[in-house]
Amino acid sequence: MLGLPGHPVSLRKIAPPRAWGYTTTLPQELAGLMLAEEQARLEAEMGKKAAKKKLRARMSELSVQVAKNLAEAVSLGALPGVAQAQAEGGYLNFYLDTAVASRDIISAVLERGSDFGRGKPQNERVMVEFSQPNTHKDFHVGHLRNVVLGNALANLFEFGGFEVLRANYYGDHGIHVAKALWGRLNPEVLARAEEMLGGPPPQGVYARVERVLTAENDNPKFGEIRATVEKETGRILQQLDDPASEVYELWRQTRQRDLETFRAIYDELGVRFDLEFYESEVEKRASGIVDELLEAGVAAVEAEGEYAGTVVVDFAAHGTPELGKMVLRRSDGTTLYQAKELALAKAKFEDYEVDRSLYVVGSEQSLYFKQVFEILRLWGYTAAEKCRHVSYELVQLPGGKMSSREGTVVPYTAFVAEAKEQALSLAHERGISAVPEEVAGKVAFGAIKYAFLRVDTSKTIIFDWKQALSFDGNAGPYIQYAFARGNKLLAGFTPDVPHLLKSQYTPEPAEVELCRIIADFTDCVSQAMQTLAPNIVANYMYDLTRAFTEFYQSCPVLKAEDGVRFFRQSLVAGFSTVLTAGAGLLGMELPDEM
RNA sequence: GCGCCCGUAGCUCAAUGGAUAGAGCAGCGGACUUCGGAUCCGCAGGUUGGGGGUUCGAAUCCCUCCGGGCGCGCCA
């Protein structure tokens, strides 16, 4: 539009605190081009650094001048909605007519309602696998990050127009189960071993047995017990596959009990799954999968060396030596975990015809998933290209890693109970004695979910009770509180878009700012989806809420005269709509009052 | 040893390569007899771990060093 052949002009939104509009850095880019020749000459003369220094002032002067010239050359008529073009420093800014832009965006929100920001149907099916808890082990706050994250991602893809299948994959089989069952079957022996070890045992049978198996202790008697445990857990593991055994029945019952516990947690968190896979089921197909991979030439029997007799995928033979080797079947004929993973992946592709597959799993599995996806690719699944490991860092304690063996995990139930109590006591402090349990729950879960989601997934969360239970400032309840306040301003209000579009009201700066942020919602959600980063939405929610409270502070709504009140109520309604949509994406509930 | 990730204010975190690096907490000082004080406003706090490079422009990209986390198993 500015007649500059061959040079792309990109417009960006003006950096937030400044104004509502678009900007281009074209003047600076042009200044750089215009002085390039001279710079080359100077560089030869005095060296690069000195040349740059010398040209710096002229460069910025020139870009200012170019910006001015361009601003004068722009014909505003050609740019609908733009009120003025202005040179500022080396930037060329296009400012929107904020009154018009504000009315337009509020109207758009009120018209589309809860569909505002929603993507067009993509005609593509994406499976999001998350949570994957192990039965016979405790559910702790580390697992919570996964659930909350996976759920938010699934919501984002749904909102983005994809058909989403939420999948869970329960670890209900394997050595950890055998260990837990041994502890249940041999409580006296376990207690005796713990006596020798001293110290308080950790919570949960699995953790207690695990401690006995790994603790340092020189007592020969203790060594005997340990040897017994090792032998018997091996036996239990085999019996798990024999429905006639007594162990099998115990497994069935304890497994069922744990699955119910998990489901109660998901229910409480407002998370549902479309599909539930079980390791004990998938396992049955694992061996056949290994045969298929052998036949396909992806895997091979190892002839010699430390892996002699196993079935491995040697990535060096397939052009990706950096992935090393992956063993699929032991030399004794039993399969490894990854064989189950591949069997499950095959089912996902074939039975559910997924186009994309997301695996929400901790970052420590990063190499593992590279290997798995590469095997799928070698196997011929084109959808393997669209498999993603959604990696997130662990939740740690100030003293280091959470360890069930050392009894340092923060159990889910204790944490949630504490959060609810905190919500109630804060309400009491504020003089509201009759807080409905329901509201306290929403506030507590809002705080928890927001706390986990606002942080970039690549950052380790150091769990701190005080901080996790902070309900002030940049926290979930701040957002909920604003919503509750906004609600009060909407009693008896009915949106009327045609009327709004005719409004002659000139909004105050706080109102314009709120509108500007509302207008950003669409970009926010698509960026969050594309980068698999729900924290973008969480941070957006905070910005949006902050703009609202500033508006609330400076612009009376109910007390304003009719025309102004109508505009402001429309704005509040738009805010509430977007806030509700964003909260829905994060899996956060917004109480009508609190 | 090799690979991946992280390092931003005292603490916890933001910032599609773009303008004066922003919030919350903690600290200090304030707020209209007006729609809800889980709120708002102000002050103070920064060599973006160090160094080099690329670029008109770097917290962001590249190299290197330092510090921290994780992974590299016939575990799951």
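Structure: see above.
As the structure is a prediction and not an experimental result, all values here were calculated from the model.

Outline the pattern of salt bridges, listing residues and values.
The final tally for this structure, using the stated rule, is 32 salt bridges. R125 is paired through a salt bridge with E163; the nearest N and O atoms lie 3.2 Å apart. Highlighted residues: R125 in strand β5 (residues 125-129) and E163 in strand β6 (residues 163-170), separated in sequence by 38 residues. For E163, a relative accessible area of 40% puts it in the partly exposed group. Among the ionic pairs, K340 bridges to E283, the shortest N-O distance being 3.7 Å. Of this pair, K340 sits in helix α12 (residues 337-350) while E283 sits in helix α11 (residues 279-295), placing them 57 residues apart in sequence. With relative accessibility at 7%, the residue K340 sits in the buried group. Three or more residues are tied together by salt bridges with common partners; here these are K13, E513, R516, D520 and D523.

Mind laying out the nonpolar core, listing which residues take part and the relevant values?
Ranked by internal contacts, the top residues of the largest apolar core, which has 125 residues, are F415, F452, L514, I518, F521, L544 and F551. Of the residues forming this core, the biggest block, 13 residues, is contributed by helix α21 (residues 562-586). Those residues in contact with F521 that lie beyond four places of it in its chain are F116, G117, F159, Y540, V578, A581, G582 and L585. If you look at the next biggest cluster of nonpolar residues, it comprises 39 residues, including L275, V313, L344 and F373.

Provide a residue-level description of the sheet that holds strand β1 (residues 12-13), including the pertinent values.
Read across the sheet, 4 strands follow the order β1-β2-β4-β3 without closing on themselves; strand pairing throughout is antiparallel. At either margin of the open sheet sits one strand with a lone partner, and together these are β1 and β3 (82-88). The pairing of β1 with strand β2 (residues 21-24) spans 2 bridges and is classified as antiparallel. Bridge assignment links R12 to a residue of β2, and that residue is T23. Set on the sheet, helix α3 (residues 48-73) makes contact with β3 and β4 (91-96); between it and β3 the angle comes to about 160°.

Please set out empty space enclosed by the protein residue by residue, giving values where relevant.
The tally for this structure, following the rule as stated, stands at 1 cavity of 30 Å³ or more. Taken as a whole, the largest cavity holds about 50 Å³ of empty space. Every residue along the wall of the largest cavity is listed here: R145, L149, F452, L453, V455, T457, P534 and N535. Counting residues per element, the ones that place at least two in the lining of the largest cavity are α5 (141-159) and α15 (437-453). Here the residues of the lining of the largest cavity sort into 5 nonpolar, 2 polar and 1 charged.

Could you give me a rundown of the side chain of H173, with the residues and numbers involved?
Within the element layout of this structure, H173 appears in the loop between β6 and α6 (175-185). When its relative accessible area of 4% is taken as the criterion, H173 is described as buried. Within the structure, H173 has its side chain in polar contact with the side chain of D241 (distance 3.1 Å). Polar contacts involving the side chain of H173 include one to the side chain of E283, which spans 3.4 Å.

Which residues make up the sheet that holds strand β11 (residues 356-362), and what values do they have?
Reading across the sheet, the 5 strands line up as β7-β6-β5-β11-β12 and stay open at both edges, with parallel pairing between neighbours. What marks the edges here is a single partner per strand, and that holds for β7 (275-278) and β12 (387-392). Direction aside, the axes of adjacent strands within the sheet are offset by 25° on average. For β5 and β6, the ladder comprises 5 bridges, and the chain directions are parallel. Within the sheet, the bridge partner assigned to E129 lies in β6 and is A167.

Would you mind going over the protein's contact with RNA strand B in detail, with residue names and values included?
Neighbouring RNA strand B are 68 residues, the closest being R12, Q28, Y307, R430 and K559. Interatomic distance of 2.3 Å between a side-chain N/O atom of Y307 and a phosphate oxygen of RNA strand B. Note that a phosphate oxygen of RNA strand B is positioned 2.7 Å from one of the side-chain N or O atoms of R330. Contributing elements (two or more residues each) for the surface near RNA strand B: α1 (26-34), α3, β4, α13 (366-379), α17 (476-488) and α20 (535-554). At 7 residues, α20 tops the list of elements feeding residues into the surface near RNA strand B. Of the residues that constitute the surface near RNA strand B, the class distribution is 27 nonpolar, 19 polar and 22 charged.

Summarise the layout of surface pockets; cite the residues concerned and give the values.
For the second largest pocket, the calculated volume is near 550 Å³. Taken together, 18 residues line the second largest pocket, and the ones lying closest to its centre are L237, E283, R330, T334 and T335. At the level of elements, α9 (220-239), α11 and α12 are the ones that each hand at least two residues to the lining of the second largest pocket. At 4 residues, α11 tops the list of elements feeding residues into the lining of the second largest pocket. Residue composition of the lining of the second largest pocket, by class: 4 nonpolar, 7 polar and 7 charged.

So what about unusual backbone geometry? Which residues, and what values?
Both trends apply: most residues other than glycine have a negative phi, and most peptide bonds are in trans. The backbone phi angle of N123 is positive, close to 55°, even though this residue is not glycine. Within the secondary structure layout, N123 lies in the loop between α4 (98-112) and β5. The exposure class assigned to N123 is exposed, which follows from its relative accessible area of 78%. Not every positive phi belongs to a glycine, and H136 is a case in point at roughly 65°.

Rules used throughout
Residues numbered from 1 in each chain as written. Chains lettered and ligands numbered in written order. Predicted model: local features only at pLDDT ≥ 70, side-chain atom pairs only at ≥ 80, totals over all residues. Heavy atoms only, no water. Salt bridge = Lys/Arg side-chain N within 4 Å of Asp/Glu carboxyl O. Helix = DSSP H or I, 4+ residues; strand = E, 2+ residues; numbered from the N terminus. Buried < 20%, exposed > 50% of the residue type's maximum accessible area, 1.4 Å probe, protein only. Core = buried A, V, L, I, M, F, W, Y, C linked by side-chain atoms within 4.5 Å. Contact = heavy atoms within 4.5 Å. Pairing = 2+ DSSP bridges. Axes fitted to C-alpha atoms, helices over the stretch in contact; angles between N-to-C directions. 1 Å grid on protein atoms, 1.4 Å probe; cavity = no way out; pocket = protein on both sides within 12 Å on 5 of 7 lines; lining within 4 Å. Points joined across faces, edges and corners; volume = space filled by probe spheres on them. Nonpolar A, V, L, I, M, F, W, Y, C, P; charged D, E, K, R; others polar. Polar contact = N/O pair within 3.5 Å; in protein donor to acceptor, adjacent residues only side chain to side chain. Near = heavy atom within 4 Å.

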